[in-house]
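Structural description and commentary
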Amino acid sequence: MAREFSKVAVVGLGTMGAGIVEVFARNAIDVVAIEVDDAAVEKGRGVLQHSTDRAVSRGKLSEDDQAALHSRVHFTSSIDEVADCQLVIEAVPEHLHLKREIFAKLDAVVGPDAILATNTSSLSVTEIAVATSNPKRVVGMHFFNPAPVLQFVEVIRTVVTEDEVFEDVKALAQRLGKQPVVVGDKAGFIANALLFGYLNHAVAMFESKYASREDIDAAMKLGCGYPMGPLALMDLIGLDTAYEILDTMYKQGRDRLHAPSPILKQMVSAGLKGRKSGRGFYTYA
Ligand code: CAA
């Protein structure tokens, strides 16, 4: 019988983690929302508040439904509070050692039937899984930014992921209104493997002063009908995250397409991380 998912946890409340919390809470599932300390918890709470306020102001969510949504989310800085959750999704920054450390901790706290999922974009789910005592219950569940909006999830199965685990996560994605696709454990999976070469090329074009940021974005948005241009999308994804994804993909495939454009690293070092820091290729109020 398929698992019941009535209470889940999300570890990491950055852009993706906070969005994933919202997706669950919108679908009447209780969520334990975890960050490393109180300041980070408050930041994550702010992201959720901002997103639901926006939905209320656009008339997409009533104030009562907003209150109900927030009442389903329990914020904490204690990872031990995942103990009675049926699923934990990790959405911390893309560093393998950090993710492995978190999975080892989760493995020690959750019940024997709980599923452990990672939202990694490009790291090896297998390498993360083997940091636990039971890699069969580890799976990738990769959402897209903005998570509350985009109706797609890649479900990543390693060579040892149990069939039931995998099927239950696919069914859960459908319950959340997302179309799940099944994909193997290779850096970038489907969407990022296709997307990031293009984004990196746009950054290189900007860096070489071949065209302005506005013209590069206009070409793809207006000329090709994409919802947003590549540099605006880099700002949405976060330049630090985009750098880590490209770097991992480059190290795995060694193809020049994914060798991160030098300006990307410089911008990240200078604190220009895109929308989340107020400035990236563009400046945000
Ligand atoms: N959080 C929650 N909701 C958001 C949002 C956010 N950050 N940004 C936009 N929305 C909502 C809006 O509230 C609005 O909802 P309603 O229609 O219900 O009112 C809807 O999305 C459309 O927003 P806007 O009208 O403001 O703007 P838009 O029509 O230009 O859409 C967009 C904005 C959804 C971001 C759209 O431009 C888009 O889809 N862009 C491409 C995004 C993309 O490619 N994402 C994938 C990135 S790669 C990735 O995520 C993988 C990875 O591992 C890094």
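Quantities reported herein were computed from a predicted structural model and do not represent experimental measurements. Residue positions are given per chain, counted from 1 along the sequence in the order it is written. Reporting of local features is limited, given that this is a predicted model, to residues whose pLDDT is at least 70; pairs of side-chain atoms are given and counted only at 80 or more, and all residues count toward the totals for whole chains, interfaces and linings.

Brief notes about the overall build of the protein
Within the protein one finds eleven helices and eight strands. With the C-alpha coordinates of the protein rotated into their principal frame, the extents come out at 55 × 45 × 35 Å. To assign burial, the other C-beta atoms lying within 10 Å of each residue's own C-beta are counted, with C-beta atoms placed from the backbone; 20 or more indicates buried, 12 or fewer indicates exposed, and intermediate counts indicate partly exposed. When the 285 residues of the protein are sorted by exposure, 43% land in the buried category. Any residue pair is listed as a contact if its two C-beta atoms, each placed from the backbone, are within 7 Å. Of the contacts formed within the protein by residues at least 6 apart in sequence, a portion of 67% connects residues at least 24 apart. Secondary structure counts use DSSP, requiring at least four H or I residues in a row for a helix and at least two E residues in a row for a strand, with both numbered from the N terminus.

Points about the pairing of strand S6 (residues 138–143)
In terms of burial, S6 is a largely internal element, six of the six residues being buried. Pairs of strands are assigned from DSSP output, requiring at least two bridges between the strands. With three bridges connecting them, strand S5 (residues 115–118) and S6 associate as parallel partners. Its bridge partner lying in S6, Thr-118 is registered against Gly-140. In terms of strand pairing, S6 meets strand S7 (residues 152–156) through four bridges, oriented antiparallel. Along S7, the bridge assignment pairs Phe-143 with Val-153.

Describing the nonpolar core
Defined on buried residues, the nonpolar core groups Ala, Val, Leu, Ile, Met, Phe, Trp, Tyr and Cys residues joined through C-beta atoms within 7 Å. Ranked by size, the top nonpolar core spans 54 residues in total, and within it Ala-9, Val-10, Ile-20, Val-21 and Val-88 carry the most contacts. Considering every element that reaches this core, the biggest residue donor is helix H1 (residues 15–26), with seven residues. Residues within four places of Ala-9 in sequence aside, it is in contact with Val-31, Val-32, Ile-34, Val-82, Cys-85 and Val-88. Of all hydrophobic cores here, the second largest spans 22 residues; its members include Ala-187, Ile-216, Met-234 and Met-249.

Description of the packing of helix H10 (residues 239–253) against helix H11 (residues 262–269)
For helices, the axis comes from a line fit to the C-alpha atoms of the stretch in contact; other axes are also lines fit to C-alpha atoms, and the angle between any two N-to-C directions lies between 0 and 180 degrees. Across the interface, H10 lies against H11 with an axial gap of 9 Å and an inter-helix angle of 140°. The angle between the axes of H10 and H11 places the two elements in the oblique class. In this structure, the crossing between H10 and H11 has a hand that is left-handed. In this structure, H10 contributes Leu-239, Asp-240, Ala-242 and Tyr-243 to the contact, and H11 contributes Leu-264, Lys-265, Met-267 and Val-268. Residue classes in the contact of H10 with H11 are distributed as six nonpolar, no polar and two charged. Oblique is the label for any angle not covered by the other classes, which are roughly parallel (under 35 degrees), roughly antiparallel (over 145) and roughly perpendicular (65 to 115). Note on convention: the crossing is left-handed when the near helix lies turned anticlockwise from the far helix by less than a right angle, right-handed when the turn is clockwise. The residue classification treats Ala, Val, Leu, Ile, Met, Phe, Trp, Tyr, Cys and Pro as nonpolar and Asp, Glu, Lys and Arg as charged. All others, Gly included, are polar.

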